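# Working through the structure, step by step
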Amino acid sequence: FVEHLPAGKSTPDFARKPMTTTVQEGKKAFFKAMVSGEPPPTVTWVRNKGEMDDQEKYSTRYDERAREHVLEIVNVKPEQADNYKCFATNEYGQAACAVTLNVVEVHLEFKNYQTVVTKKKQLPQQKEGEIDPKLLELLLSAPKKDYERICLEFGVTDFRWLLKELKQIKKEREDEQSKVVENLDNIKQIEVKSSGRAEFSFDMKLRDPNSEVNLYKDGTLIPYDDDKNSKHSLQKTGINYLFSIKDPQREDAGFYQVDVEETNVLTTDFQVPDVEFVAKIKDSKVTENEDAIFQCVLSTPLNKITWSKEDASLEHGGKYEITISEDKLTHTLRIKDCQMADKGAYYALAGITSSSASLTIQVFRSENVKIVSNQFSYDVKESRPGKSKKELYSTATMKPFNHLHKNVLRFFKFLVCFFLSDKLTEEDGVKIIKDGACHILMIECCKKDDTAVYRFEAEGRKSEATLNIQDPPRLDPDALGEFTNPVIVRVGDNAEWKLPFSGGAPMNIQWYKNDNELLPAVNVKIDTSDTESQLRLTKCQRKDTGEVKIKIKNEFGVIEAVSRLIVLDKPTPPQDPVEITESAVTSVEFKWKPPKDSGGCPVTNYIIERQQVGRNKWTNLGEIPCIPSYKDTDVDPGRRYCYRIRAKNAEGISDYLQTGDIPAGVLRYPGSPTAPKVVSAFKDCINLSWCPPCDTGGTKIIGYNLEKNKTGTNYWSLVNQNGPITDTKYAVKDVFEGAEYRFRVSAINLSGAGEPSIPCEAVIARNPKMRPKFKDRNMKTLMVVKSGNTIRVNINFEASPMPDISWVKDGIPLLKHVTITSSDRGSQLLIPTSERSDSGIYMITVKNIVGQESFSVEIRVTDDPKPPGPVELDENIPGTVTLCWAPSPDEKRDDRLHYLVSKRDSFKRTWRTAADNLFNNKFTVVNIMPGREYYFRVFAKNDMGLSPPSESPFKVDMPQMKALDFESPPSFIIPLKRRTAPEGYECYMSCAVKGDPAPRVTWYYNNISLNTNTNYHITNVCGVCSLLILRVGPKDHGEYRVIIENKLGNAESSMTLNVRGKL
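Every value quoted in this text rests on a predicted model; they were computed, and no experiment measured them. (Residues numbered from 1 in each chain as written. Predicted model: local features only at pLDDT ≥ 70, side-chain atom pairs only at ≥ 80, totals over all residues. Heavy atoms only, no water.)

## Considering the overall build of the protein
To keep things clear, this is the line we draw: Numbering of helices and strands starts at the N terminus; helices are DSSP runs of H or I of at least 4 residues and strands are runs of E of at least 2. For the exposure calls, accessible area comes from a 1.4 Å probe over protein chains only, and a residue counts as buried if that area is under 20% of its type's maximum, exposed if over 50%, partly exposed in between. Contacts are assigned to residue pairs with any non-hydrogen atoms lying within 4.5 Å of each other.
Counting its regular elements, the protein contains four helices and 89 strands. Buried residues in the protein amount to 40% of all 1063 residues. The contacts in the protein between residues at least 6 apart in sequence include a share of 63% that link residues at least 24 apart.

## Here we look at the state of the cysteines
So the rule is basically this: What counts as a disulfide here is a pair of cysteine sulfur atoms lying within 2.5 Å.
Enumeration over the complete set of coordinates arrives at zero disulfides. In this structure Cys694 is not part of a disulfide, and its nearest cysteine sulfur, from Cys691, lies 8.8 Å away. Judged by its relative accessible area of 86%, Cys694 falls in the exposed class.

## Thoughts on the pairing of strand β57 (residues 703-710)
Heads up, the condition is: We treat two strands as partners when DSSP finds at least two bridges between them.
Among the eight residues of β57, seven are classified as buried, and the element is accordingly described as predominantly covered. Across eight bridges, the pairing between β57 and strand β60 (residues 740-749) is antiparallel. Counterpart to Leu706 in the pairing with β60 is Val745. Sheet analysis places β57 next to strand β58 (residues 717-718), joined by two bridges and oriented antiparallel. Considered in β58, the bridge of Lys708 is made with Ser717. Hairpin connection, β57 to β58: the antiparallel pair is bridged by six residues, and Gly712 has positive phi, about 100°.

## Comments concerning the packing of aromatic side chains
Quick reminder of the rule: Only rings of Phe, Tyr and Trp enter the pairing, Trp through its six-membered ring, and a pair is recorded when the two centres are within 6.5 Å. The plane angle decides the type: under 30 degrees is stacked, over 60 is edge-to-face, the rest tilted.
All chains considered together, the criterion is met by 17 aromatic pairs. With centroids separated by 5.5 Å and ring planes inclined at 80°, the aromatic side chains of Tyr224 and Phe243 adopt a geometry described as edge-to-face. With a gap of 19 residues between them, Tyr224 in the loop between β14 (220-222) and β15 (232-237) and Phe243 in strand β16 (residues 240-245) connect regions that are remote in the sequence. Of the residues examined, Tyr224 reaches a relative accessible area of 25% and is grouped as partly exposed. Judged by its relative accessible area of 2%, Phe243 falls in the buried class. Ring geometry for Phe590 versus Trp592: centroids 5.9 Å apart, planes at 40°, classification tilted. Across the pair, exposure class does not vary: Phe590 and Trp592 are buried alike. An aromatic cluster of at least three residues, connected via ring pairs, comprises Phe200, Phe202, Tyr224, Tyr241 and Phe243.

## Thoughts on the pattern of salt bridges
In plain terms, the rule: One side-chain nitrogen of Lys or Arg within 4 Å of one carboxyl oxygen of Asp or Glu is enough to make a salt bridge.
Tallying each qualifying case throughout the model produces 42 salt bridges. Among the ionic pairs, Lys231 bridges to Asp252, the shortest N-O distance being 2.9 Å. A residue pair is termed long-range when its members are at least 10 positions apart, and Lys231 in the loop between β14 and β15 and Asp252 in the loop between β16 and β17 (254-260) qualify at 21 residues. When its relative accessible area of 33% is taken as the criterion, Lys231 is described as partly exposed. Residue Asp252 is classed as buried on the basis of its relative accessible area, which comes to 7%. Each of Glu858, Arg860, Arg896 and Asp943 takes part in one network of salt bridges that share partners.

## Quick notes on the sheet that holds strand β12 (residues 198-206)
What counts is decided by this rule: Under this scheme, a helix contributes an axis fitted over its contacting stretch, all axes are lines through C-alpha atoms, and angles between N-to-C directions fall in the 0 to 180 degree range.
Taken in spatial order, the four strands line up as β11-β12-β16-β15 in an open sheet, and their pairing is antiparallel. The strands lining the two open edges of the sheet, one partner per strand, are β11 (181-192) and β15. Within this sheet the neighbouring strands show an average axis-to-axis angle of 15°, counted without direction. Pairing between β15 and β16: six bridges, direction antiparallel. In the sheet register, Leu234 faces β16, and the bridge partner there is Phe243.

## Some remarks on the nonpolar core
How we decide: Think of a nonpolar core as a cluster: buried Ala, Val, Leu, Ile, Met, Phe, Trp, Tyr and Cys residues, connected wherever their side-chain atoms sit within 4.5 Å.
Within the largest apolar cluster, 23 residues are counted, with the highest numbers of intra-cluster contacts made by Met204, Phe243, Val258 and Val260. Counting residues per element, the ones that place at least two in this core are β11, β12, β13 (213-217), β16, β17 and β18 (263-270). Element by element, the count of residues in this core is highest for β12, at five residues. Beyond its immediate sequence surroundings of up to four residues, Phe243 is in contact with Ala198, Glu199, Phe200, Phe202, Val213, Leu215, Tyr224, Ser233, Leu234 and Val258.

## Description of the sheet that holds strand β55 (residues 677-681)
Spatially, three strands are ordered β55-β56-β59 in an open sheet, and the strand pairing comes out antiparallel. Across the chains shown, the open sheet's two edge strands, defined by having one partner strand only, are β55 and β59 (729-732). Each strand of the sheet is rotated relative to its neighbour by a mean of 20°, with strand direction disregarded. Alignment of β55 against strand β56 (residues 686-689), held across four bridges, turns out to be antiparallel. Opposite Ala681, over in β56, you have Ile686 as the bridge partner.

## A few points about unusual backbone geometry
A cis geometry characterises the amide bond from Glu38 onward to Pro39, with omega recorded as 5°. Residue Pro577 is reached from Asp576 by a cis peptide bond, and omega for that bond is 0°. You can see Pro577 is positioned in strand β46 (residues 575-583). One non-glycine residue, Asp337, lies in positive phi territory at about 50°. Of note in the backbone geometry, Lys539 takes a positive phi value of approximately 50° without being a glycine. The topology assignment puts Lys539 in the loop between β43 (532-537) and β44 (546-554).

## Details of the environment of Arg766
Examined against the element boundaries, Arg766 turns out to sit in the loop between β62 (763-764) and β63 (770-774). With 82 residues separating them in the primary sequence, Arg766 and Asp684 have C-alpha atoms 7.3 Å apart. Those residues in contact with Arg766 that lie beyond four places of it in its chain are Ala681, Phe682 and Lys683.

## Quick look at the pairing of strand β25 (residues 330-335)
Pairing of strand β21 (residues 292-298) with β25, which is carried by six bridges, proceeds in the antiparallel orientation. Each bridged residue has a counterpart across the sheet, and for Phe294 the counterpart in β25 is Leu333. As defined by bridge partners, strand β24 (residues 320-324) adjoins β25 across five bridges and the pair is classed as antiparallel. The residue bridging Glu321 from the neighbouring strand is Arg334, located in β25. Here β24 hands over to β25 after five residues, with Lys328 in that stretch at a positive phi of 60°.

## What to know about the side chain of Ser947
In this structure, Ser947 sits in the loop between β78 (945-946) and β79 (950-951). When its relative accessible area of 4% is taken as the criterion, Ser947 is described as buried.

## Looking at helix α1 (residues 133-141)
Counting buried residues in α1 gives seven out of nine residues, a clear majority hidden from the surface. Contact partners of the buried residues in α1: α2 (147-153), α3 (162-177), β11, β17 and β18.

## Some words on the packing of α1 against α3
The test is simple: In these notes the angle categories are as follows: under 35 degrees is roughly parallel, over 145 is roughly antiparallel, 65 to 115 is roughly perpendicular, and the rest is oblique. Crossings are classed by handedness, with left-handed meaning an anticlockwise turn of the near helix from the far one by less than a right angle and right-handed meaning a clockwise turn. Asp, Glu, Lys and Arg are counted as charged, while Ala, Val, Leu, Ile, Met, Phe, Trp, Tyr, Cys and Pro are counted as nonpolar; the rest, among them Gly, fall into the polar class.
At a minimum axis distance of 10 Å, the contact between α1 and α3 shows a crossing angle of 70°. Judged on the interaxial angle alone, α3 and α1 are roughly perpendicular. By crossing handedness, the relation of α1 to α3 is classed as right-handed. Residues Leu135, Leu136, Glu137, Leu139 and Leu140 of α1 form the contact with α3, whose participating residues are Leu162, Glu165, Leu166, Ile169, Lys170 and Arg173. Split by residue class, the contact of α1 with α3 holds seven nonpolar, no polar and four charged.

## Let's talk about the side chain of Lys27
Note on placement: Lys27 falls in the loop between β2 (21-24) and β3 (29-38). Since its relative accessible area comes to 11%, Lys27 is described here as buried. Here Lys27 is in contact with Ile73, Val74, Asn75, Val76, Glu212, Glu261 and Glu262, once residues within four sequence places are set aside.

Any functional reading would require information beyond the geometric quantities listed.
Here it is as structure tokens:
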């Protein structure tokens, strides 16, 4: 490490620090850090209570795409809960950051095969000045149309600045999700349905069908099953996951998350506001094609409530118009252009409170009316009695009506109806209705036989309409609901599905399993009649588990229904490889992989058997919970053992997995660690570090003993009186300032403590020498204080040993009324009552044996300025007024005091600044308009502000001047002058001209006009003509001319610009 950094180099720092995390036992833990520094730092990880040499437990890597250093802990165990540190080191310094790993232990209960888990993790907490992390989690799972509503709930009114950060986080989240999920879409946020259940759903295709899908509420794991009568349930249909909460209460409100393994896939916020319906929605009865309105009034303002029809939520737009009053108490649903399909029950849901009403539609209507030329074609579905009616209308003019109001075409002359060539009467099962000039033919309960061409005749004129009856496949809702329930059978049993249907013949029936069509075979039986189809799968095997689908099709449409087959079996054997995690004198520990196939139901236990190598007897060690690891504590040192592992579920016990020979350890002590290294020493603490021994004695190192020896004595005392040190570093605080110490360390394994290391070199307990350095980066270099106020200057510094501190003012010692208070960390200058004489430059010098540093601050003591003397009119010539005033009494005492002049005329009547930063007592005001009255004020101004004004004791009344002829040819008052400019600097050329009318001014360079050249800045103010070259170069050398001209003549002036090269 160095005191002064070379140019372009920097010490290490953390661009993004690793975060404390909480994981479930057996899962993976990740710490991620981003570092900066030049040269790039080296990143290392350590833990306080153990080693991290086992690469199978701890792995580190650098993600070049994300520029992150990652520490991955595989299969987290409770003993790995610890404080971890990340070090970033280069040749100019070191940065460190500590984080904590919390491990949630898993406890199993065999009742209902449910796993009881404590809190998963702490939800991200909002830091002061930062945005709530919950808002970002919700936005990741919400559609863009809901961004504004969600942000308003968190008090964020402008969320556009969030979009860039949200896009980056969303990309990172999708990368994590892609490791466990192939596809995730159709996400629907949680909402209360009309059935009284709170539901949210999504479509998800897992990469591994055996991946765990967990539900969390406010960070706590929520148990669920597939029973709709349970409090929390999951209904899975194909790739659709539907989570529901039965009978939600206020305590069910919270932050819900769905994780696959350790990856979050959905976040939703269930809010239960304290609200009631003051006025509920009421039943509505409208005529077809009219609008229906439902309206309710709440007890508490809400930004939004949920409107639904049956279980389908309604959104604003198109068919539905949802409005909210300004006080957010009255909510209205308008259903536009009501049709028969719109009738039914509608619900208003506010939190867990609901109100329902029914919508009734009056008047029959025609379906799918199609008008072709002077003929009419009607397509309707065949229906059962009382379910459908068909009305035919015609007009005497034989022309279709352009506006189909309620689908009625009107005629204006009495006619007779015919069916083909046969005259129709009410005896034919139809109704003929006369309504004024309108004649209606009504056919109730349409049948296939009603398909025909209908003709209306009147006095030799005809009009025809075609009626087509459609009969697509239909399924009974009750039978469909029963069909969609999964069929669960054991291996070797038969599975059967039966589904009745109706519709127009002929019907084409197809059965599918996992999207593959099923055809009759030895184990596949398909029986189909005109009204029902049945599928029977015999001697089902585990591989038959999957989706079962039926497709029913005729010429009018297609309908599908999906079910699922689950075949239960005993699990497959546990999987290799078997990994030995510990081989100690009194115990061995090993782990394995779970079965590849759990058999359709969870693995509840593992059965362990043991055989001592060389013997034939196998000993049953009993059953253990479903965690795939085992620790055998009943072993003899030096013996070798073989184990058999079987998995167990509700259907049976798997075949066994047999391990290789696993040896138990022998009594062997570890070797000596390296000599302790002194990292740093202070007067009250000495920091040490060491390296583990090369020889661990065949078992893991569980800790270290650290001993100290005071120089001049032969006694070694134990430092760690409260137990072994689990890390390879330690801070010794039991030291005396100025004393000299030596240290040694010994390693401890399961057999005991080994030999101590070689002692380290003697070290003295004292603070390291450090050159004085000021700590505040933004220290003020200028202070302006009002006379009479207190002056307090605080300077903080670091130095060791204690430095000498001195203050001076303008290079001389301070006066007695100035108080200096100093400590080993800072110094304060205090002047209780300041005076103008205290103004000056104060410098502090901090000096010790290592070096010295100085800092200066300028203090200006001033007061509110006193006004200047009376304002007098010195000259009064046409167009100008010259003002003069007596100086302010403070002018001699304050070198920064200056003056400001403002004016007001009788036309605008507002005070405007005429001049500022005047350091003399005279000013000429120009552009005085004839015929107006003018008033003037003069202010004195300093660092404290403005003085009271001195107003002019007169008004300037400029008389109306008579028009005079001042025409004159153009001429130069001040011509151009030769100039020499250094290369790279700016050059300013000017001249003064006169003439009436005002002459036109043209600039030339080497006879080329510059007036339109944007590389030159040309101005003409009150006859002063200027040209500015911002950066002079060799190309600007040459002759410059100004030509002025008006109607009376012209004049010319020129000069030469010389460019001096760089020094």
